[in-house]
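# Architecture at a glance
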Amino acid sequence: MDREGRSCDGTEMAARRALVTGATGFIGSHLVPALLADGYQVRACGRRTRPATIPDEVDYRRVDLVDGGDLAAVVDGITHVFHLAGASSSRSSQEEMRRDNVEASEHLLDAVVAAGSVARVLIMSTTAVYGEEEELPSPVPEDVRPHPSRGYGKAKWEAEQAAWRAGDAGLPVVVVRPVSVHGPGAVKLVASAALDVALEHAMGLDRLVVHRQPVEQRLVHVDDLVGACLHLVAHPEAAGRAFNVASGVYPTSHEVAGILARCYGMEVVLDDDPDAGPSYDERAATRASLVAAGMDDSILLSQERLRFLRKTNRNNRISLEALASTGFRLGHADPGPAISADVEWYRRHRWLPDG
Ligand SMILES: NC(=O)c1ccc[n+]([C@@H]2O[C@H](COP(=O)([O-])OP(=O)(O)OC[C@H]3O[C@@H](n4cnc5c(N)ncnc54)[C@H](OP(=O)(O)O)[C@@H]3O)[C@@H](O)[C@H]2O)c1
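Below you will find a few notes about this structure. For clarity, every value in this text was computed on a predicted model and none was experimentally measured. (Residues numbered from 1 in each chain as written. Predicted model: local features only at pLDDT ≥ 70, side-chain atom pairs only at ≥ 80, totals over all residues. Heavy atoms only, no water.)

A tally of helices and strands in the protein chain yields ten helices and eleven strands. For the protein chain, the C-alpha radius of gyration of 21 Å lies close to 20 Å, the compact-globule estimate for 355 residues. Considering only C-alpha atoms, the protein chain reaches an extent of 65 × 45 × 40 Å along its principal axes. Burial status across the protein chain gives 53% buried among its 355 residues. Considering only contacts in the protein chain between residues 6 or more positions apart, those separated by 24 or more positions represent 77%. Taking the 38 positively charged and 50 negatively charged side chains of the protein chain as two groups, their mean positions are separated by 1 Å. (Helix = DSSP H or I, 4+ residues; strand = E, 2+ residues; numbered from the N terminus. Rg over C-alpha atoms; globule rule 2.2 N^0.38 Å. Buried < 20%, exposed > 50% of the residue type's maximum accessible area, 1.4 Å probe, protein only. Contact = heavy atoms within 4.5 Å. Lys, Arg positive; Asp, Glu negative; His and termini not counted. Charge placed at Lys NZ, Arg CZ, Asp CG, Glu CD.)

Rendered as structure tokens:
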């Protein structure tokens, strides 16, 4: 039997026992049910008390990976680790990003190495490690030397280094680098842009003002990311490699704004002023009255209106050759239906007003 728990003819011999860190987060909430459906036994952890959304058959452990005590018990008997826990700039300070990305990864990896039972470790990194200041080859391949330019990308790159060191010491590590992820349950990025559109509709506006200068966007649907994780963790040649994950389609800010505007029967109007449209205070006041009337407050309100659509990146296009070479095929190439379906979900769950 090999470390993957298979006999030499490839038959599954032992149960696959997955540990998902960051299971209480957005991507974890999609990964956990997918692992169960794929036949894994699942242990999941997060820092909060067990949320009702964690399926009953999951062994949930409440633990802080930095100072949570006995990580040996958390990794005991685990064959596959999916390390998703981390912190991004939307909600965390510089210190928290370092703590929850770098220190948390180092502690977890130490425990995984010590356990000796783990056949694969999948580390959820990000394309933010490539940075935006240094011009890299386009599309950016995984083996380029990253130049992270901001706190989040720097912390995730440092966390990756901990994983590569463990890999050099013999741990079969797979690193996944997704672009911005969207889908049901996301609370930032596209979700925040959708909130802005919904707020303006609630204010009675029927025109969505967008800056005339188009900005190229990059996205991936959470189902494609989860599918890629399940595929890569089991792929015989994935260990020791990093994989970019994106839809491979690059809509402009005008196109994404158009998709969101149509969900609320609005029309996009281009403007020379990048700061045109309702102010933060106006948007915050409208949101507060909608929340008072029963809207869920999970989606983050960005200080800057339609912030996600404004983010330029000279290294926007990333290579998907490594992922394609493993035989993985993406399912959500067309952003129109995928983003409209997100908005439907938000409306159904009252994370956005119904219209
Ligand atoms: N969302 C994206 O667009 C995107 C894009 C690229 C990469 N990523 C990466 O994908 C991963 C998951 O992202 P997400 O959007 O699902 O994040 P998320 O919703 O913010 O969830 C973060 C998760 O990490 C847990 N966590 C944070 N610090 C921890 C610590 N010290 N100990 C234990 N658990 C800790 C949180 O637990 P509690 O909430 O229970 O405290 C939560 O479960 C992250 O590593 C992120 O960098 C995300």
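Quick look at the sheet that holds strand β5 (residues 120–124) now. Overall, parallel pairing links the seven strands, which are arranged β3-β2-β1-β4-β5-β6-β10 in an open sheet. The two strands at the open ends of the sheet, each matched to only one other strand, are β3 (59–62) and β10 (241–245). Taking each pair of neighbouring strands and ignoring which way they run, the sheet shows an average axis angle of 15°. Against the sheet, helix α4 (residues 151–168) touches β5, β6 (173–178) and β10, its axis set at about 160° to β6. (Pairing = 2+ DSSP bridges. Axes fitted to C-alpha atoms, helices over the stretch in contact; angles between N-to-C directions.)

Time to look at the packing of helix α1 (residues 26–37) against helix α6 (residues 222–234). Packed helix pairs are characterised by how far apart their axes lie and by the angle those axes make with each other. Packing of α1 against α6 leaves a shortest axis separation of 10 Å and a crossing angle of 55°. In terms of orientation, α1 and α6 fall into the oblique class. The two elements α1 and α6 meet at a crossing, and its hand is right-handed. Only Val 222, Asp 223, Leu 225, Val 226, Cys 229 and Leu 230 of α6 make contact with α1, whose side of the interface consists of Phe 26, Ile 27, His 30, Leu 31, Ala 34 and Leu 35. When the residues that make up the contact of α1 with α6 are grouped by side-chain class, the tally is ten nonpolar, one polar and one charged. (Parallel < 35°, antiparallel > 145°, perpendicular 65-115°, else oblique. Left-handed = near helix turned anticlockwise from the far one by under 90°. Nonpolar A, V, L, I, M, F, W, Y, C, P; charged D, E, K, R; others polar.)

All right, on to the site of the ligand then. Thr 24, Arg 47, Arg 48, Tyr 152 and Lys 156 are the nearest of the 29 residues found near the ligand. At 2.9 Å, a backbone N or O of Phe 26 approaches an oxygen atom of the ligand. Residue Ile 27 places a main-chain N or O atom 2.8 Å away from an oxygen atom belonging to the ligand. Burial of the ligand by the surrounding chains reaches 91%, relative to a free accessible area of 900 Å². Put simply, the parts of the chain that give the shell around the ligand at least two residues each are α1, α3 (94–115), α4 and β7 (180–182). When its residues are assigned to classes, the shell around the ligand shows 14 nonpolar, eight polar and seven charged. (Near = heavy atom within 4 Å. Polar contact = N/O pair within 3.5 Å; in protein donor to acceptor, adjacent residues only side chain to side chain. Areas by Shrake-Rupley, 256 points an atom, 1.4 Å probe, with all protein chains shown as cover.)

Of all hydrophobic cores here, the largest spans 109 residues; its most connected members are Val 20, Leu 31, Leu 35, Phe 82, Val 121 and Leu 352. Per-domain counts for this core show at least three residues from each of domain 1 (17–178) and domain 2 (187–217 + 250–311 + 333–348). Excluding residues that lie within four positions of it along the chain, Leu 31 makes contacts with Val 20, Phe 82, Leu 84, Val 226, Cys 229 and Leu 230. (Core = buried A, V, L, I, M, F, W, Y, C linked by side-chain atoms within 4.5 Å. Domains from an automatic or database assignment.)

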